[in-house]
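Chain by chain, the residues run as shown.
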Amino acid sequence: MIGCTAATVVTLGYAGLCAAQPFARCERCQATGWRTTKVLRRRKDCRRCKTTGYRARRGVRAYNHLRRLHRDIHS
């Protein structure tokens, strides 16, 4: 019972975080939008965040995917 309640609280908390702040800092480029290559140490655009420095959270991506599926099925 306590484990189920704790899981519900964590899930609702993460859903609230995704609603309030759908984008998080990109971990790969540390929110700069570019990375340095390992060999020549030259700058290269970050492909994970597409040079914005921010990426969508996993919960937001899952929600968008499910919303797209629902729209495609019912249209």
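As shown above, the structure is provided for reference.
Each value, and the rule that gives it
Residues numbered from 1 in each chain as written. Predicted model: local features only at pLDDT ≥ 70, side-chain atom pairs only at ≥ 80, totals over all residues. Heavy atoms only, no water. Helix = DSSP H or I, 4+ residues; strand = E, 2+ residues; numbered from the N terminus. Contact = heavy atoms within 4.5 Å. Salt bridge = Lys/Arg side-chain N within 4 Å of Asp/Glu carboxyl O. Buried < 20%, exposed > 50% of the residue type's maximum accessible area, 1.4 Å probe, protein only. Lys, Arg positive; Asp, Glu negative; His and termini not counted. Polar contact = N/O pair within 3.5 Å; in protein donor to acceptor, adjacent residues only side chain to side chain.

Enquirer: So, the environment of Ala31: which residues are in play, and what are the values?
Expert: On the secondary structure map, Ala31 appears in the loop between strand S1 (23-25) and strand S2 (34-36). In sequence terms Ala31 and Cys18 are 13 residues apart; their C-alpha atoms lie 18 Å from each other. Ignoring anything within four residues of it in the chain, the contact list for Ala31 reads Arg25, Cys26 and Gly53.

Enquirer: Hey, could you go over the pattern of salt bridges for me, with residue numbers and the actual values?
Expert: For the coordinates displayed, the defined rule picks out 1 salt bridge. A salt bridge links Arg71 to Asp72; the shortest N-O distance between them is 3.8 Å. Under the relative-accessibility criterion, Asp72 is labelled partly exposed at 47%.

Enquirer: Lay out the side chain of Arg57 with the relevant residues and their values.
Expert: With respect to the helices, strands and loops of the structure, Arg57 is situated in the loop between strand S4 (54-56) and helix H2 (58-73). The side chain of Arg57 sits in the buried core without any salt bridge; Glu27 is the nearest counter-charge, 8.2 Å away. For Arg57, the side chain forms a polar contact with the main-chain oxygen of Gln21, separated by 2.7 Å. Setting aside its immediate chain neighbours within four residues, Arg57 contacts Tyr14, Leu17, Cys18, Gln21, Pro22, Phe23 and Ala24.

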